[in-house]
Amino acid sequence: MIDVKPAPRNVIAAKVPLDQRKTMIEFQDVHKYYGDYHALRGITATIREGEFFSLLGPSGCGKTTLLRTIAGFEGISSGAVLIDGNSMENVPANKRPTNMVFQSYAIFPHLTVAQNVGFGLRRDPRSKAEKDKLVEESLEMVGLKGYGARAAHALSGGQRQRVALARALILKPKVLLLDEPLSALDKKIREQMQVELIKLQREVGITFVLVTHDQEEALVMSDRIAVMFEGEIAQLADPETLYRRPNSRRVADFIGVMNFLPARVLGEGNGHIQLDVPGLGPLDVTEEQASAAPNGGEAAVGFRPETLTLLYDGQTPLDREAPGTIDEVVYYGDMTYYDVKLDGVEKPVRISMRNVFGRPVLDVGTRTRVAWSPGALVLFR
Amino acid sequence: MAQSAWSRIKHSEAANGLALVSPTAIYAILLLAAPLLTIFAFSFFKDGYLTVIREVTLENYIAVWSDPIFRSILLRSLIVAGLVTLATVALAFPVAYFLSFKLRPERKSLWLFLITIPFWTSYLIRVFLWKVILGYNGVINSGLKSLGLIGDGRLIEDPIQMLNTVGAITVTLAHAYAPFAILPIFVALEKIDRSLLEAGQDLGESKAMTFLRVTLPLAMPGVVAAVLIVFIPTIGDYVTPELIGGGKLPMVANMIQAQLLPLDNKPMGSAIAISAMAVVALISLGFVAMNRRYLRGAK
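Conventions we followed
Residues numbered from 1 in each chain as written. Chains lettered and ligands numbered in written order. Predicted model: local features only at pLDDT ≥ 70, side-chain atom pairs only at ≥ 80, totals over all residues. Heavy atoms only, no water. Helix = DSSP H or I, 4+ residues; strand = E, 2+ residues; numbered from the N terminus. Buried < 20%, exposed > 50% of the residue type's maximum accessible area, 1.4 Å probe, protein only. Contact = heavy atoms within 4.5 Å. Areas by Shrake-Rupley, 256 points an atom, 1.4 Å probe, with all protein chains shown as cover. Axes fitted to C-alpha atoms, helices over the stretch in contact; angles between N-to-C directions. Parallel < 35°, antiparallel > 145°, perpendicular 65-115°, else oblique. Left-handed = near helix turned anticlockwise from the far one by under 90°. Nonpolar A, V, L, I, M, F, W, Y, C, P; charged D, E, K, R; others polar. Pairing = 2+ DSSP bridges. UniProt positions renumbered as here; feature names shortened; annotations may be inferred. pLDDT = per-residue confidence, 0-100. Salt bridge = Lys/Arg side-chain N within 4 Å of Asp/Glu carboxyl O. Buried area = accessible area lost by both parts, 1.4 Å probe. Patch = residues over 30% accessible without salt bridge, like charges linked within 9 Å, V, L, I, M, F, W, Y side chains within 5 Å.

### Some words on the overall build of chain A
In terms of regular secondary structure, chain A is built from 9 helices and 21 strands. Dimensions along the principal axes, computed over C-alpha positions, put chain A at roughly 75 × 50 × 40 Å. Each of the 381 residues in chain A was classed as buried or not, and the buried ones make up 50%. Residue pairs in contact within chain A that sit at least 24 positions apart in sequence constitute 68% of those at least 6 positions apart. Here chain A displays about 17500 Å² of accessible surface, and carbon together with sulfur accounts for 50% of that area.

Set out below in structure tokens:
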């Protein structure tokens with residue numbers, strides 16, 4: 001069995017484990033109705049100080065609504081939202097210790113970059129010179145040193161986003177809220193910004209709450225992720241647990257690619273469950289590998305494409321192997337995806353293989369052997 | 001086969017474009033540019049009995065600008081137009097704001113339609129109706145009379161004199177131009193990204209301060225457009241001062257009419273017209289320059 005342990009990501013995390021830090025945001029059975037529509041259905045969760053927390057889910061799952069209840073743009077129908085121990089009931093958005101990076105960035109088009117960044121400093125008692133210095137430092141922090149005098153509308157998407165970040169962080173909020181901040185950027189800049197955001201969060205130590213529909217983005221950036229479906233949190237865990245031990249078939253399907261094969265439960269006891277899986281044969285999994293959520297009576301095992309390996313002539317598996325035929329080949333350059341029909345199973349399973357030097361890409365129709373390990377499986381019942 | 005020159009011209013982009021604008025262009029040249037140039041030329045000529053003497057002179061302009069009556073009439077025109085603009089834009093802004101921010105999107109077109117209803121009645125008739133409302137025995141005075149408020153020893157001694165006042169002219173013109181002011185402001189407000197208002201509050205400003213720091217500056221191009229749309233036609237309005245002002249409070253257009261027709265001094269009338277145009281152009285340029293400042297910041 002594979003040892004699952006979250007990797008500490010930021011400075012505070014390295015010093016103090018997540019569960020020993022003070023609570024920054026607390027949702028207590030939060031419900032939200034829009035007329036008859038039940039948008040949030042009993043959200044209960046805590047977000048810790050200095051945590052990089054993500055709300056992940058498909059569009060319409062309520063993740064943005066939940067974020068907006070923290071910011072104060074959205075009221076709640078029942079329950080409570082607490083920030084740093086204080087109830088946010090009747091606290092308007094402008095009085096909350098949060099700042100937001102909007103999906104559209106919401107850069108004021110009639111102001112310069114520096115005026116945008118300094119927008120929230122109007123009532124700050126410091127002198128104009130000190131504020132100007134602060135603005136310049138904030139711009140430097142996001143890599144826009146010397147851009148202060150530029151008109152905001154002349155910036156590129158990535159630059160706008162940096163301005164939005166500087167504008168929010170200059171106010172030293174307790175919580176920074178990010179509403180799909182990277183979705184409008186193209187792939188290269190997005191990946192670069194992901195790394196920069198992680199570094200920035202580590203540097204400032206502020207609690208970040210990110211809303212995203214991009215599971216890869218959430219996995220890359222977060223300390224913990226709440227996966228949401230239809231107004232409920234389906235699973236709240238660190239990225240590795242979420243990926244390796246999804247607690248339901250739905251979460252498993254949403255995070256990355258997962259192959260499912262129907263299984264039959266033969267018996268259980270002593271912390272082990274005996275299964276029979278067509279195509280793989282009889283096998284044994286531990287109880288930790290079984291998801292909590294019921295799978296509608298029908299048992300299935302799930303496994304990630306990278307936990308399977310095609311065996312070339314003369315190779316022997318580390319654990320077990322199953323024969324099959326290659327049904328489809330998708331070449332990605334660094335990777336090749338094979339759809340393999342295991343003998344006795346109609347639906348092909350997906351296998352990802354790194355194209356290491358000297359390893360040929362196989363053709364459709366080739367007979368092959370697939371190496372697999374019972375420890376990598378997840379059981380859904 | 002080489003195409004003939006004619007067919008090449010016929011099919012060129014430029015010819016197509018010209019063909020599209022030519023009816024309007026001919027109309028504009030014949031009925032706008034030509035009369036304007038004639039007026040401009042006349043303003044430098046001398047007046048003779050029933051004729052115009054074609055002798056270039058600046059006498060007309062000197063006479064116009066040294067005439068205290070012209071100056072007081074121009075000043076009255078500016079004051080009336082300024083008051084009308086102020087009233088119209090100040091009243092139109094809340095309406096436009098309501099339309100843009102407080103209505104559900106599917107309701108907006110209905111409200112815009114309702115705002116255009118005054119246009120179903122001709123301008124002239126609307127002016128006449130104000131005469132009926134404001135007159136000595138008009139709707140307001142007879143209403144007050146029937147309430148027993150007018151009469152000897154009552155709250156008001158005599159019926160209120162409302163016609164033939166600058167106030168009456170202002171009210172009539174403001175009513176006529178209100179829809180013109182609502183639309184450009186509405187369009188400017190519609191263009192404002194709503195997340196900017198949330199951003200304003202998120203950065204610690206109250207709703208009122210967010211309005212002042214975000215909404216209002218971004219609505220300025222629409223406000224300036226509304227100001228121009230109302231100010232330019234009202235300063236040259238002829239009908240309302242004639243009917244509501246009773247001819248006793250002439251504005252610059254009435255003075256021009258008097259010179260050109262009853263007094264038959266075409267050069268003098270032309271010089272007044274050109275002078276008034278120059279003043280309006282100068283003020284408008286000021287507004288356009290102001291608008292530039294705001295447009296520079298917008299996308």
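### Some remarks on the packing of helix α5 (residues 157-169) of chain A against helix α6 (residues 187-204) of chain A
Residue and element names in this part refer to chain A. Put simply, α5 and α6 touch, their axes get as near as 13 Å, and they point 15° apart. Between α5 and α6, the angle is such that the two are roughly parallel. The chirality of how α5 crosses α6 is right-handed. Residue-level inspection shows Q161, R162, L165 and L169 of α5 in contact with α6, the latter providing Q192, M193, E196, L197, L200 and V204. Its residues assigned to classes, the contact of α5 with α6 comprises 6 nonpolar, 2 polar and 2 charged.

### Observations concerning the pairing of strand β9 (residues 224-229) of chain A
All names here are of chain A. Counting buried residues in β9 gives 6 out of 6 residues, a clear majority hidden from the surface. Relative to β9, strand β3 (residues 52-56) runs parallel, the two being bridged by 4 bridges. Among the inter-strand pairings, L56 is bridged to a residue of β9, identified as V227. Here β9 runs beside strand β10 (residues 232-237); their pairing, made up of 5 bridges, is antiparallel. Bridge pairing in β10 links I225 to A237. Counting the residues that bridge the hairpin from β9 to β10 gives 2 residues, and of these E230 lies at a positive phi of roughly 45°.

### Quick look at the UniProt feature "transmembrane region" (unreviewed entry) in chain B
Residue and element names in this part refer to chain B. The feature "transmembrane region" (unreviewed entry), as given by UniProt, occupies residues 20-45, 73-98, 110-129, 166-189, 210-232 and 270-290 in the numbering adopted here. Within residues 20-45, the helical portion is 88% and the strand portion 0%, while the C-alpha atoms at the span's ends are 38 Å from each other. With 65% helix and 0% strand, the stretch residues 110-129 has end C-alpha atoms that lie 26 Å from each other.

### With respect to the packing of helix α4 (residues 68-102) of chain B against helix α5 (residues 105-115) of chain B
All names here are of chain B. The geometry of α4 relative to α5 is characterised by a closest axis approach of 9 Å and an angle of 155° between their N-to-C directions. Judged on the interaxial angle alone, α5 and α4 are roughly antiparallel. When the axes of α4 and α5 are compared, the crossing they make is left-handed. Between α4, through V95, F98, L99 and S100, and α5, the contact on the second element is made entirely by K108, W111, L112 and I115. Taken together, the residues of the contact of α4 with α5 sort by class into 6 nonpolar, 1 polar and 1 charged.

### Brief notes about the confidence of the model for chain B
All names here are of chain B. Mean pLDDT over chain B: 90, with 97% of residues reaching 70 or higher. Here helix α1 (residues 5-11) is the element of chain B with the lowest mean pLDDT, 76, and helix α9 (residues 194-202) is the one with the highest, 96. The complex model carries a pTM of 0.83, and its ipTM stands at 0.84.

### Brief notes about the pattern of salt bridges
This model, assessed by the stated rule, comprises 25 salt bridges over all chains. With a shortest N-O distance of 2.6 Å, A:R122 and B:E205 are connected by a salt bridge. In this pair, A:R122 sits in the loop between α3 (113-117) and α4 (128-141) while B:E205 sits in the loop between α9 and α10 (207-235), so the two residues belong to two different chains. We classify B:E205 as buried; its relative accessible area is 3%. A single salt-bridge network, built from bridges that share partners, covers A:K22, A:D84 and A:K174.

### Overview of the interface of chain B and chain A
Facing 21 residues of chain B, the contacting portion of chain A comprises 21 residues. Interface of chain B and chain A: buried area, both sides summed, is about 2000 Å²; carbon and sulfur atoms make up 58% of it. Looking at the side of chain B facing chain A, the largest losses of area belong to B:D202, B:L203 and B:R213, adding up to 33% of the total buried there. On inspection of chain B and its partner chain A, the count reaches 2 salt bridges. Looking at the side of chain B that touches chain A, the elements that each hand over two or more residues are α9, α10 and α13 (266-297) of chain B.

### Overview of a nonpolar patch on the surface
All names here are of chain B. Nonpolar side chains collect at one region of the surface, where F98, L110, W111, F113, L114, I117, F119, W120, F180 and I229 lie side by side and expose about 920 Å² of accessible area between them. The leading source of residues in the nonpolar patch is α5, at 4 residues. Among the structural elements, L110 can be located in helix α5. Using a relative accessible area of 47% as the deciding quantity, one classes L110 as partly exposed.

### A few points about the environment of B:I256
Residue and element names in this part refer to chain B. Following the sequence through the fold, I256 ends up in helix α12 (residues 252-260). Assessed through its relative accessible area of 15%, I256 is described here as buried. Along the chain, I256 and I53 lie 203 residues apart, while their C-alpha atoms are 19 Å from each other. Residues contacting I256, with those up to four places away along its chain left out, are G269, I272 and A273.

### Here's the deal with the UniProt feature "domain: ABC transmembrane type-1" (unreviewed entry) in chain B
Under the feature "domain: ABC transmembrane type-1" (unreviewed entry), the UniProt entry names residues 74-289 of chain B. In this annotation, residues 74-289 of chain B is assigned 75% helix and 0% strand; the end-to-end C-alpha distance for the span is 23 Å.

### Structural notes on unusual backbone geometry
Trans peptide bonds make up most of the peptide bonds, and negative phi angles are found at most residues other than glycine. Residues and elements named next belong to chain A. Within the chain, Y105 stands out as a residue other than glycine whose phi angle is a positive 75°. Structurally, Y105 is set in the loop between β6 (98-101) and α3. Even without glycine at this site, E180 takes up a positive phi of about 40°. Mapped onto the elements of the fold, E180 is located in the loop between β7 (175-179) and α6.

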